[in-house]
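# A look at the structure
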Amino acid sequence: MARPTTPLLSRDRIVRAALDQLDRTGALALPRLAKDLGVSTSSLYHHVKGGREEVVEGVRGLLSAEGMVTERVPGEDWARFVDRWASRYRATYAAHPAVVPLLTAQTVTHPAALASYEALADVLHEAGFADDDLLHAVTALDDLVLGSALDAGAPGQVWADSPDPGSRLARAVRATRAQPGDRSERAFRLGLESLLVGLERLRTHP
């Protein structure tokens, strides 16, 4: 039998199939991934010798390259950059919430992801954040974004209805349901705006 003129597998094909599996099933299983691709598990490992961790990092790189900010707009101050950086980041991962727990379980190594974090660090440094505060600021933003991305994939009803007619939480839930738009997006905006206020305080009063 003649050998195929093009490879059956490529890293890009593997990574995109892994993302599709995560979106469909909420989990990543390499034997099932190999089956979805129509190859043996050993053939899959031939292309991703680092196995599951390499596939996950590939997914991080794919989403980072397609959705994360790496360039500052001319004239953009640090707060506007951070708002745009966090908003794009959150939108990217909110579309794929099942990816988030896998990414937080391993070290960020993909160049595309690191380039976006580097851009953020550069902007914060130029704005006056000290080295011993800068990583905490990046981490706080990361926590907000990834937590909000998970929240975007939460059930429509996050809190069970309370039988207590005086429950303050139940009243808040009912009031929120009556509001237009997406609850998770509104909560993210509140969190980001609050965090920006705190970061400004840190920047000016280290």
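Preceding this paragraph is the structure being described.
The following refers to the structure shown. (Residues numbered from 1 in each chain as written. Predicted model: local features only at pLDDT ≥ 70, side-chain atom pairs only at ≥ 80, totals over all residues. Heavy atoms only, no water.)

### A closer look at the pattern of salt bridges
- Applying the stated criterion across every chain yields a total of 14 salt bridges.
- A salt bridge links Arg 177 to Asp 161; the shortest N-O distance between them is 3.3 Å. In this pair, Arg 177 is assigned in helix H9 (residues 168-177) and Asp 161 in the loop between helix H8 (131-152) and H9, connecting sequence segments 16 residues apart.
- Relative accessible area serves as the criterion here: at 47%, Arg 177 is assigned to the partly exposed category.
- Three or more residues are tied together by salt bridges with common partners; here these are Asp 20, Arg 24, Arg 32 and Asp 36. (Salt bridge = Lys/Arg side-chain N within 4 Å of Asp/Glu carboxyl O. Helix = DSSP H or I, 4+ residues; strand = E, 2+ residues; numbered from the N terminus. Buried < 20%, exposed > 50% of the residue type's maximum accessible area, 1.4 Å probe, protein only.)

### Structural notes on the packing of aromatic side chains
- Summed over all chains, the structure comprises 5 aromatic pairs.
- Ring geometry for Tyr 89 against Tyr 117: centres 6.3 Å apart, planes inclined by 90°, an arrangement best described as edge-to-face. Of the two residues, Tyr 89 is situated in helix H5 (residues 78-94) and Tyr 117 in helix H7 (residues 111-126); the sequence distance between them amounts to 28 residues.
- An aromatic cluster of at least three residues, connected via ring pairs, comprises Trp 85, Tyr 89, Tyr 93 and Tyr 117. (Phe/Tyr/Trp six-rings, centres within 6.5 Å; stacked < 30°, edge-to-face > 60°.)

### Some remarks on the nonpolar core
- Membership of the largest hydrophobic core comes to 53 residues, with the highest contact counts inside it found for Leu 28, Leu 33, Trp 78, Trp 85, Tyr 93 and Leu 124.
- Secondary-structure elements contributing two or more residues to this core are helix H1 (11-25), helix H2 (30-37), helix H4 (51-67), H5, helix H6 (100-103), H7, H8 and helix H10 (183-204).
- Per-element accounting of this core gives the leading share, 8 residues, to H8.
- With near-sequence residues (within four places) excluded, Leu 33 lies in contact with Ile 14, Ala 17, Ala 18, Gln 21, Leu 28, Leu 44 and Val 55. (Core = buried A, V, L, I, M, F, W, Y, C linked by side-chain atoms within 4.5 Å. Contact = heavy atoms within 4.5 Å.)

Without other data, these values stay purely geometric and don't point to any function.
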